Amino acid sequence: MLYQFPHKTGQYVVEVIEEKGDQLLVKVVAVLRHPRQGDLHNPNEVENVFFHERKALSQFEKRYTSSQFLKPYNEATPKYVESLKTALYELEDKMEKKDNAYSEQALKCIEQLKIDYSRQYKINF
């Protein structure tokens, strides 16, 4: 069975591969929402903060979580690489519609992520 799993500011499709007490080990199957760029503690800020480049969890990456964070996922499951592209393009489109310092910095990070993902998954963005 597949589940939706929020991690930091991203959203993923995962499958449970192991139960250990109250912790579940999940494996990433697809990306539903790419993580936001920047400082999680100071969202939309660029002044006096370290602006983080945030990658999505990798294909087959594993994380421990508790069942309270998992919601059943009953839709068609996209392939990981296609879901990553879609999620990143959605984030990019959202940032392009804004005209502020945060979106400009986020777009720079997104351009670098496209290069990194192209190398990692051998695809073109």
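Just above, that's the structure.
About the criteria used
Residues numbered from 1 in each chain as written. Predicted model: local features only at pLDDT ≥ 70, side-chain atom pairs only at ≥ 80, totals over all residues. Heavy atoms only, no water. Pairing = 2+ DSSP bridges. Helix = DSSP H or I, 4+ residues; strand = E, 2+ residues; numbered from the N terminus. Patch = residues over 30% accessible without salt bridge, like charges linked within 9 Å, V, L, I, M, F, W, Y side chains within 5 Å. Areas by Shrake-Rupley, 256 points an atom, 1.4 Å probe, with all protein chains shown as cover. Salt bridge = Lys/Arg side-chain N within 4 Å of Asp/Glu carboxyl O. Lys, Arg positive; Asp, Glu negative; His and termini not counted. Charge placed at Lys NZ, Arg CZ, Asp CG, Glu CD. Buried < 20%, exposed > 50% of the residue type's maximum accessible area, 1.4 Å probe, protein only. Core = buried A, V, L, I, M, F, W, Y, C linked by side-chain atoms within 4.5 Å. Contact = heavy atoms within 4.5 Å.

*Asks:* Please provide a residue-by-residue account of the sheet that holds strand E3 (residues 23-33), values included.
*Replies:* With antiparallel pairing, the 5 strands of this open sheet are ordered in space as E4-E3-E2-E1-E5. The open sheet has two free edges, formed respectively by strand E4 (62-66) and strand E5 (71-72), since each of these has just one partner strand. Direction of pairing for strand E2 (residues 10-20) relative to E3: antiparallel, over a ladder of 9 bridges. Paired with Glu19 across the strands is Leu24, a residue of E3.

*Asks:* How would you explain a positive patch on the surface if you had to name every residue and give the values?
*Replies:* Taken together, Arg33, Arg36, Lys94 and Lys98 make up a surface patch of like positive charges. Given the relative accessible area of 30%, Arg36 is considered partly exposed.

*Asks:* Report on the pattern of salt bridges, specifying residues and quantitative values.
*Replies:* Summed over all chains, the structure comprises 6 salt bridges. In this structure, Asp116 engages Lys55 in a salt bridge whose closest nitrogen and oxygen atoms are separated by 3.8 Å. In this pair, Asp116 is assigned in helix H2 (residues 101-121) and Lys55 in the loop between E3 and E4, connecting sequence segments 61 residues apart. Lys114 serves as the salt-bridge partner of Glu92, at 2.8 Å between the closest nitrogen and oxygen. Residue Glu92 is found in helix H1 (residues 80-96), and its partner Lys114 is found in helix H2; the two are separated by 22 residues along the sequence.

*Asks:* Lay out the nonpolar core in plain terms, naming residues and giving numbers.
*Replies:* Within the largest apolar cluster, 27 residues are counted, with the highest numbers of intra-cluster contacts made by Val14 and Tyr80. Ignoring anything within four residues of it in the chain, the contact list for Val14 reads Met1, Leu2, Tyr3, Phe5, Val26, Lys27, Val28, Val29 and Leu70.

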